[in-house]
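Report on the structure
Spelled out from the first residue to the last, the chains are:
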Amino acid sequence: MGILEVKGVGKNFGGLKALSDVNLSVQENTVHAIIGPNGAGKSTLLNCLVGKLIPDTGSVMFNNQSVLGRKPHEINQMGISRVFQTPEIFGDLTVLENVLIPCFAKRDGAFRLHAFEGVRREKELMDKAMQMLEDVNMADKRHMHSASMSRGDKRRLEMAMCLVQEPKLLLLDEPTAGMARADTNNTIDLLKEIKEKRDITMAIIEHDMHVVFSLAERITVLAQGTPLVEDTPENIKGHPKVREAYLGEAH
Amino acid sequence: MFGLDSKDSKLLLIVAVLALAAPFILNPFPAGSELAQFNAGYPDLMQRFVIFGIFAIGFNILFGLTGYLSFGHAAFLGVGSYSAVWMFKLLSMNVIPAIILSVIVAGLFSLLIGYVSLRRSGIYFSILTLAFAQMSFNLAYSVLTPITNGETGLQLTLDDPRVLGQTATADGSIPVTNLFGLEMRSTYELVLGAWNFQFNAGYYLSAVIMLASFYMAIRIFRSPFGLMLRAVKTNQTRLNYTGMNSRPYTLAAFVVSGMYAGLAGGLMASMDPLAGAERMQWTASGEVVLMTILGGAGTLLGPVLGAGFIKYFENIFSKINDNVLHGWFAFLPDGMEDLLVTIVHPFVGKGWHLTLGLLFMMVVIFLPGGLIEGGQRLGKLLRRKSAKQDDEDANKSASTAAE
Ligand SMILES: Nc1ncnc2c1ncn2[C@@H]1O[C@H](COP(=O)(O)OP(=O)(O)O)[C@@H](O)[C@H]1O
Ligand SMILES: [Mg+2]
């Protein structure tokens, strides 16, 4: 049994079959990539895992518990964090505050009326947030207004916000989209480093084959809402069906 | 100081000094002089400054931090006033139980309204709060007459029970509000030459409560709770995917700001023990929105400043009539004098709304951060100028040294 078990998931938008009969099993402590052409349903699948969408059919089990019907914050509390395709950060707040919020969520749960404590006096969480910023090389930017940063930095910040919660499963929706080559390589290194340091499972949606083949241990190819194949990177590279569907080669 | 860092302590200290010395600060012009009408150091006006300050401080906790714009907060103010007057009728003329009851009742009332209204956000939330407040206003006028005394408003009478106090004083009049015997209306007058300074017990009670409210607001702003409220404002999606449930946070902010409004309403009734439905009208709700935006939503000092500004305009600008204007421009030739009076006339007296409206528009367009932003920009400009001056001085001394 994998840490994440998706069985027979289907999702329609009006008449459009965005997903049909998706089966996916992500093993604990692996990096599992989901690739596929634009519109294949990758983001839709991710949305079904985090409570943003509810699938029309099928089941999604995380650690032997169903996530279906749970709210996004409840699913996060179960140990799933998500990086969005366009970075979702707290734009009006500073970089440090952005990382502090997930620290509070992890410690205090979905709600706590801590109206008199003083953020600055939460020494432990402050240290934790600072350590995380150092890990992603953003410590010097901690007082920056986060909305004013580059897109690459916003993504990195979002990743830090997810990682600081030490999730069991990290979902990444195209984490290097819109990044320069150097930033992409940094992100690969960062993800590799995280993988070595912690017990973490990652499911990553990616367009960039360089990223996929540097990180993934298993790859699922999605086309028109259904998985085509699931295999190791070596086998996927040469798979004729994949070349046809994904790389757009007719023969 | 009191668990605040040095910057916040300084802010609190400044506000405290301003509030406690208000009878002096607001009375700079000698009585009888041409400018005496700009004095604002009268007990009832000063009371209004700080009471509306409390109202705006509380409103800012909701609107400034979470961005949820309520158009119905006057309902909580009104509920607070009614509760306080009932306490004066039934229990005693001591203001403490009255104020406590106002805060509790307003808190419960805002819990109910907030719970329903917060199911929506943005404009729909605003409309829901407005609808609730208008409903309360209309109910207070009609069906709820046994509680609110309808159009007349709720007043004290000579046959109220006042179980812990007295129904009527020895000379047969209605007793007055007090704080353990200290009458709210008692005023000490200090005459210094041409100046007449008034120190009123009611004002000082209100000012101390305003300072406590301000202190609480600082603590909330700097707390993890305050951080979450700001997170709600900037990205609710991210907050939810970070494991936080935004609804209880916004509801808590709504109730806290409702309790502040109730406190203001209770204080208002403690200064003058009557309560009418018009306190709940939408114009009153709109006023606190204006105060907060004018001063600077989301800043600590802004709402207090905005409240002071609007109340000053309402009470001082509205009193400038044509006679006063003629007095000002009397030194000019007659034709010029009349012309100027005609030009200025629409902006003062009954036209004070026009001046305030123009001012508000200017602030929203040019200073989206409110008067506070104006102050900050001014401060920066002055600092840059003085830095430039320093540079020039340094250059000069360097060149003289080189010679
Ligand atoms: N909320 C939605 N409403 C309607 N159609 C949607 C919605 N989200 C996605 N789709 C459609 O579903 C299909 C799959 O989209 P998506 O999951 O975003 O693809 P991918 O991430 O693989 O590029 C697309 O045809 C898209 O237009
Ligand atoms: Mg996508």
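Structural data are supplied above this passage.
Residues numbered from 1 in each chain as written. Chains lettered and ligands numbered in written order. Predicted model: local features only at pLDDT ≥ 70, side-chain atom pairs only at ≥ 80, totals over all residues. Heavy atoms only, no water.

**Let's talk about the pattern of salt bridges**
Pairing is possible between side chains of opposite charge, provided their charged atoms come close. Residues and elements named next belong to chain A. All told, the structure shown has 24 salt bridges over all chains when counted by the stated rule. With a shortest N-O distance of 3.3 Å, Arg218 and Glu230 are connected by a salt bridge. Placement of the pair is Arg218 in strand 9 (residues 218-223) and Glu230 in strand 10 (residues 226-231), with a sequence separation of 12 residues. Judged by relative accessible area, which is 29%, Arg218 ranks as partly exposed. Relative accessible area serves as the criterion here: at 32%, Glu230 is assigned to the partly exposed category. (Salt bridge = Lys/Arg side-chain N within 4 Å of Asp/Glu carboxyl O. Helix = DSSP H or I, 4+ residues; strand = E, 2+ residues; numbered from the N terminus. Buried < 20%, exposed > 50% of the residue type's maximum accessible area, 1.4 Å probe, protein only.)

**Describing the sheet that holds strand 2 (residues 16-26) of chain A**
Residue and element names in this part refer to chain A. Pairing within the open sheet is antiparallel, and its four strands lie in the order 2-1-4-5. The strands lining the two open edges of the sheet, one partner per strand, are strand 2 and strand 5 (65-66). As paired strands, strand 1 (residues 4-13) and strand 2 are joined by seven bridges and run antiparallel to one another. Bridge pairing links Glu5 to Ser25 in strand 2. Of the strands in this sheet, strand 1, strand 2 and strand 4 (57-62) touch helix 1 (residues 42-49), which is tilted by about 65 degrees from strand 2. (Pairing = 2+ DSSP bridges. Contact = heavy atoms within 4.5 Å. Axes fitted to C-alpha atoms, helices over the stretch in contact; angles between N-to-C directions.)

**Details of the packing of aromatic side chains**
Evaluation of the coordinates by the stated rule reveals 20 aromatic pairs over all chains. Ring centres of Phe309 of chain B and Phe313 of chain B lie 5.8 Å apart, and the angle between their planes is 25 degrees; this geometry places the pair in the stacked category. On the criterion of helical spacing, the pair formed by Phe309 of chain B and Phe313 of chain B is a turn pair, its members being four residues apart in helix 13 (residues 302-316). On the accessibility criterion, Phe313 of chain B (9% relative accessible area) is buried. Among the aromatic residues, those joined into a cluster by ring pairs are Phe24, Tyr188, Phe197, Phe199, Tyr203 and Tyr204 of chain B. The residue whose ring lies beneath Lys237 of chain A is Phe213 of chain A, and the NZ or CZ to ring-centre distance is 4.8 Å. In this arrangement the basic side chain of Lys89 of chain B is found over the ring face of Trp86 of chain B, its NZ or CZ atom lying 5.7 Å from the centre. (Phe/Tyr/Trp six-rings, centres within 6.5 Å; stacked < 30°, edge-to-face > 60°. Lys NZ or Arg CZ within 6 Å of the ring centre and 35° of its normal.)

**Quick word on a positive patch on the surface**
On the surface, a cluster of positive charge is contributed by Lys380, Arg383, Arg384, Lys385 and Lys388 of chain B. Turning to its location among the elements, Lys388 of chain B is positioned in helix 17 (residues 370-402). (Patch = residues over 30% accessible without salt bridge, like charges linked within 9 Å, V, L, I, M, F, W, Y side chains within 5 Å. Areas by Shrake-Rupley, 256 points an atom, 1.4 Å probe, with all protein chains shown as cover. Lys, Arg positive; Asp, Glu negative; His and termini not counted. Charge placed at Lys NZ, Arg CZ, Asp CG, Glu CD.)

**Some points on the coordination of the magnesium ion (ligand 2)**
All names here are of chain A. Donor atoms from the polypeptide that bind the magnesium ion (ligand 2) are Ser43 (OG) and Gln85 (OE1), placed at 2.1 to 2.5 Å. Here the residue Ser43 occupies a position in helix 1, and Gln85 occupies one in the loop between strand 6 (80-83) and helix 3 (95-108), the gap between them amounting to 42 residues. Given the relative accessible area of 23%, Ser43 is considered partly exposed. (Donors = N, O, S within 2.8 Å, 3.2 Å for Na, K, Ca; no water.)

**Focus on a nonpolar patch on the surface**
Residues and elements named next belong to chain B. A cluster of nonpolar residues, Phe347, Leu354, Leu358, Met361, Met362, Ile365 and Phe366, forms a patch on the protein surface that exposes about 700 Å² of accessible area. Relative to the assigned elements, Ile365 resides in helix 16 (residues 352-366). In this structure Ile365 comes out as exposed when scored by relative accessible area, which is 58%.

**As for the site of ligand 1**
Residue and element names in this part refer to chain A. By nearness alone, every residue bordering ligand 1 is listed as Phe13, Leu16, Ala18, Asn38, Gly39, Ala40, Gly41, Lys42, Ser43 and Thr44. Between an oxygen atom of ligand 1 and a side-chain N or O atom of Ser43, the distance comes to 2.8 Å. Look at ligand 1: alone it shows 560 Å² of surface, and the protein chains cover 58% of it. Take the shell around ligand 1: its biggest share by element is three residues, from helix 1. (Near = heavy atom within 4 Å. Polar contact = N/O pair within 3.5 Å; in protein donor to acceptor, adjacent residues only side chain to side chain.)

**Focus: the packing of helix 5 (residues 151-163) of chain A against helix 6 (residues 181-197) of chain A**
All names here are of chain A. Interaxial distance between helix 5 and helix 6 falls to 11 Å at its minimum, and their mutual angle equals 10 degrees. Between helix 5 and helix 6, the angle is such that the two are roughly parallel. Residues Gly152, Arg156, Met159 and Leu163 of helix 5 form the contact with helix 6, whose own contacting residues are Asp183, Asn186, Thr187, Leu190, Leu191 and Ile194. Partitioning the contact of helix 5 with helix 6 into residue classes produces five nonpolar, three polar and two charged. (Parallel < 35°, antiparallel > 145°, perpendicular 65-115°, else oblique. Nonpolar A, V, L, I, M, F, W, Y, C, P; charged D, E, K, R; others polar.)

**Quick word on the side chain of Thr177 of chain B**
Residue and element names in this part refer to chain B. Following the sequence through the fold, Thr177 ends up in the loop between strand 1 (154-155) and strand 2 (178-179). Residue classification places Thr177 among the buried residues on the basis of a relative accessible area of 4%. There is a polar contact of 2.7 Å between the side chain of Thr177 and the backbone oxygen of Ser270. Here Thr177 is in contact with Phe88, Met93, Val95, Leu182, Glu183, Met184, Ala269, Ser270 and Pro273, once residues within four sequence places are set aside.

**Details of the sheet that holds strand 3 (residues 31-35) of chain A**
Residue and element names in this part refer to chain A. Across the sheet, six strands lie side by side as 6-7-8-3-9-10; this open sheet has mixed pairing. Each edge of the sheet is formed by a strand with only one pairing partner; in this case those strands are strand 6 and strand 10. Looking at each pair of strands side by side, their axes are set apart by 15 degrees on average, direction ignored. Where strand 3 and strand 9 come together, four bridges link them in parallel fashion.

**With respect to the interface of chain B and chain A**
In this assembly, 27 residues from chain B lie in contact with 40 residues from chain A. Put simply, chain B and chain A have two salt bridges between them. A salt bridge links Arg230 of chain B to Glu97 of chain A, with the nearest nitrogen and oxygen atoms 2.8 Å apart. The tally of links from chain B across to chain A stands at 20 residue pairs in polar contact (both at pLDDT 80 or more). Secondary-structure elements contributing two or more residues to the side of chain B that touches chain A are helix 8 (201-222), helix 9 (224-234), helix 10 (236-241) and helix 11 (246-271) of chain B. When residues of the side of chain B that touches chain A are assigned to their parent elements, the largest contribution, seven residues, is made by helix 9 of chain B. A per-class count over the side of chain B that touches chain A returns 13 nonpolar, nine polar and five charged.

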